[in-house]
Amino acid sequence: MVVFSADLLGLRIFISCIGLVGNVFLILSITQTKFSRVKSFELFLLGLAAANLEEIIIVNIYDTVILLTSSSAISTWSCRSLQFLTVFGESASILFTVLVSIFRYQKLRDADKRVNLPIYLDSIRSAWMVSGVCVLLSMLLSIPIFAISFSGPAGNITRSTIGCPPDFFHCSKNSCPITNAVYKYMFILLCNLLPLIIVTVTGTLIITVLLKQRKMVMPVVSVSGSNQFAKKSKGPKLQRSTVAVLAAMVLFQVDWTLYLIFHLIFNPTDSPYWAEMEFFISISYTSISPYMYGIGNNLFSLKNFIKK
């Protein structure tokens, strides 16, 4: 495993650097605006970028420093703390993605009928509250890491040589304590499968709304010049943002579907390449998605930085 990881170390560093730059760039582009002027969608993107950034940093520390060095001197508390931070960042990134997808669908739904009537999440106070709920849920989903058992009849030798096992749930085919098994499948259900279903459903609904709006849009000659200008100025911007969200949602679906398949088919303790598979699956979304959101919402443009 060490040799294989060393061969992919360059690719790991490259993808991680892309993710670090993209998420930092997204955070800076949003925080340049005064917080009193930050919109709900930008606040959700800020939370997503912060979670992505934390996950990239901690995953690299965990994989590179702990797994690749095969250090047995790592204390159990340090191992649990790194696993907690990794799971926390992963959960927060997933929950903020769900939040972004729901918000985008609500904004797009009945866009032609409601004119400028705000939705619930348009309120910045509501946006802060929902963001806080996402952070709190991520913390609650990560805390059981400190309660699960590290012991196992067949895994003690492996754990002592590796120091910090690649499987956060410490649940192998030969040894899987009840507490570990309950936490594993609860986490997969609440933090992987359920968000994947929600993102898939909202993505389908967004595509349905876009197709309906496209059928309804007809060139009307009698429309006044001012109304035409309003539609032209608002429509393309919303559509571009929506396409960016859809692209990120597709990437999310592909990554976490693969994650679920690997988790249900392979056993981390038996597969020597588990750490590499998990790394590239999880980091690909956190590294690429900020560019999709930033470019699609015009946050990465040079004009945007000059104005601010």
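This is a predicted model, so every value here is computed, not measured. Sequence positions are assigned chain by chain, starting from 1 and proceeding in written order. The model is predicted, so local features are restricted to residues of pLDDT at least 70 and side-chain atom pairs to those at 80 or more, both for listing and for counting; the totals for chains, interfaces and linings are taken over all residues. As a rule here, side-chain values come from all non-hydrogen atoms in the structure, and water together with hydrogens is ignored.

### Points about the packing of helix α4 (residues 76-108) against helix α9 (residues 274-296)
In helix packing, the relevant descriptors are the interaxial angle and the interaxial distance, both defined with respect to the helix axes.
Item 1. In this analysis an axis means a line fitted to C-alpha atoms, helices contributing only their contacting stretch, and an angle means the value between N-to-C directions, from 0 to 180 degrees. Helix numbering and strand numbering both begin at the N terminus, where a helix is a DSSP run of H or I of at least 4 residues and a strand a DSSP run of E of at least 2. The N-to-C vectors of α4 and α9 enclose an angle of 30°; their axes lie 12 Å apart at closest approach. Comparing the axis directions of α4 and α9 gives the class roughly parallel. Considering the relative orientation of α4 and α9, their crossing is left-handed. Judged by residue contacts, S93, T97 and V100 of α4 engage Y285, T286 and Y293 from α9.
Item 2. Gly falls in the polar group here, along with every residue not listed as nonpolar (Ala, Val, Leu, Ile, Met, Phe, Trp, Tyr, Cys, Pro) or charged (Asp, Glu, Lys, Arg). The residue makeup of the contact of α4 with α9, split by class, is 3 nonpolar, 3 polar and no charged. Any angle between 65 and 115 degrees counts as roughly perpendicular, while under 35 counts as roughly parallel, over 145 as roughly antiparallel, and the rest as oblique. Left-handed describes a crossing whose near helix is turned anticlockwise from the far helix through less than a right angle; right-handed describes the clockwise counterpart. Contacts between residues were defined by any pair of non-hydrogen atoms, one from each residue, lying within 4.5 Å.

### Thoughts on the side chain of S101
Item 1. By secondary structure assignment, the location of S101 is in helix α4.
Item 2. In terms of polar contacts, S101 uses its side chain to reach the side chain of T202, at 3.5 Å. For the purposes of these results, a polar contact is taken to be a pair of N or O atoms within 3.5 Å, where, inside protein, one atom must be able to donate a hydrogen and its partner to accept one; residues adjacent in sequence count only when each atom of the pair is a side-chain atom.

### Structural notes on the packing of aromatic side chains
Item 1. Stacked, tilted and edge-to-face are the three classes assigned to paired rings of Phe, Tyr and Trp, where Trp is represented by its six-membered ring and a pair needs centres within 6.5 Å; plane angles under 30 degrees give stacked, over 60 edge-to-face, the rest tilted. In the structure shown here, the tally under the stated rule is 12 aromatic pairs.
Item 2. For the ring pair F41 and F103, a centre distance of 5.8 Å and an interplane angle of 20° mean the geometry is stacked. Of this pair, F41 sits in helix α3 (residues 40-67) while F103 sits in helix α4, and the two are 62 residues apart along the sequence. Each member of the pair F41 and F103 is classed as buried. Between buried and exposed lies partly exposed: a residue is buried under 20% and exposed over 50% of the maximum accessible area for its type, with that area taken using a 1.4 Å probe on protein chains only.

### Focus: the pattern of salt bridges
Item 1. A pairing counts as a salt bridge when a side-chain nitrogen of Lys or Arg comes within 4 Å of a carboxyl oxygen of Asp or Glu. One pass over the full model with this rule turns up 1 salt bridge.
Item 2. Note that K107 and D122 form a salt bridge whose closest N and O atoms lie 3.2 Å from each other. Of this pair, K107 sits in helix α4 while D122 sits in the loop between α4 and α5 (124-142), and the two are 15 residues apart along the sequence.
Item 3. Judged by its relative accessible area of 26%, D122 is partly exposed.

### Digging into empty space enclosed by the protein
Item 1. With a 1 Å grid laid over protein atoms only, a set of points is called a cavity when a 1.4 Å probe fits there but cannot get out and a pocket when it is open yet has protein on both sides within 12 Å along at least five of seven lines; lining residues have an atom within 4 Å of a point. Grid points are joined across faces, edges and corners, and a volume is the space filled by probe spheres set on the points. By the definition in use, this model includes 2 cavities of 30 Å³ or more.
Item 2. Counted as a void, the largest cavity has a volume near 120 Å³.
Item 3. Considering the residues around the largest cavity, the lining is formed by E55, V59, Y62, D63, T86, E90, P166, F168, A275, E278, F279 and S282.
Item 4. Broken down by secondary-structure element, the contributors of at least two residues to the lining of the largest cavity are α3, α4 and α9.
Item 5. Residues of the lining of the largest cavity, tallied by class, amount to 6 nonpolar, 2 polar and 4 charged.
Item 6. Put simply, the second largest cavity is a space of about 30 Å³.
Item 7. If you trace the second largest cavity, you find it lined by V87, E90, F168, F169, F187, Y259 and E278.
Item 8. For the lining of the second largest cavity, a count of residues per class yields 5 nonpolar, no polar and 2 charged.

### A closer look at α5
Item 1. Every helix has an expected span of 1.5 Å times one less than the residues it contains. Spanning 19 residues, α5 covers 27 Å between terminal C-alpha atoms, matching the ideal 27 Å at 1.5 Å per step.
Item 2. Looking at α5, one finds that the buried residues are S126, A127, V130, S131, C134, S138, L141 and S142. An end-on view of α5 places all buried positions within 150° of arc, on one side of the element. Facing away from the buried side of α5, by more than 90 degrees, are the exposed residues R125 and L140. The arc refers to the directions leading from the helix axis to the C-beta atoms.

### Structural notes on the packing of helix α2 (residues 9-31) against α9
Item 1. The N-to-C vectors of α2 and α9 enclose an angle of 30°; their axes lie 8 Å apart at closest approach. In this structure, α2 crosses over α9, and the sense of that crossing is left-handed. Facing L11, R12, I15, S16, I18, G19, V21, G22, N23 and L26 of α2, the residues of α9 in contact are A275, E276, F279, F280, I283, T286, S287, P290, Y291 and G294.
Item 2. For the contact of α2 with α9, the per-class residue count stands at 11 nonpolar, 7 polar and 2 charged.

### Section: the confidence of the model for the protein chain
Item 1. Scored from 0 to 100, pLDDT reflects the predictor's confidence in each residue. When the pLDDT values of the protein chain are averaged, the result is 79; 74% of them are 70 or greater.
Item 2. At the level of individual helices and strands, the protein chain shows its lowest average pLDDT in helix α6 (residues 156-162), which scores 41, and its highest in α5, which scores 94.
Item 3. Considering only residues more than four positions removed or in separate chains, one finds that residues 220-234, a stretch of pLDDT under 50, has 5 contacts.

### Describing unusual backbone geometry
Item 1. Of note in this structure, N298 is not a glycine but carries a positive phi near 60°.
Item 2. Tracing the sequence through the fold places N298 in the loop between α9 and α10 (302-307).
Item 3. Classification of N298 as partly exposed rests on a relative accessible area of 38%.

### Looking at a nonpolar patch on the surface
Item 1. For patch detection, residues must exceed 30% relative accessible area and be free of salt bridges, and they are connected within 9 Å for like charges or within 5 Å for nonpolar side chains (Val, Leu, Ile, Met, Phe, Trp, Tyr). Throughout, the Shrake-Rupley method with a 1.4 Å probe supplies accessible areas, and for residues the shown protein chains are the sole cover considered. A cluster of nonpolar residues, W77, Y120, M129, V133, V135, L136, L137, M139, L140, I143 and F146, forms a patch on the protein surface that exposes about 1100 Å² of accessible area.
Item 2. A per-element tally of the nonpolar patch places α5 first, with 7 residues.
Item 3. Mapped onto the elements, V133 comes out in helix α5.

### Some remarks on the side chain of S241
Item 1. Among the structural elements, S241 can be located in helix α8 (residues 225-265).
Item 2. If sequence neighbours within four positions are ignored, S241 has contacts with F41, R104, G296 and N297.

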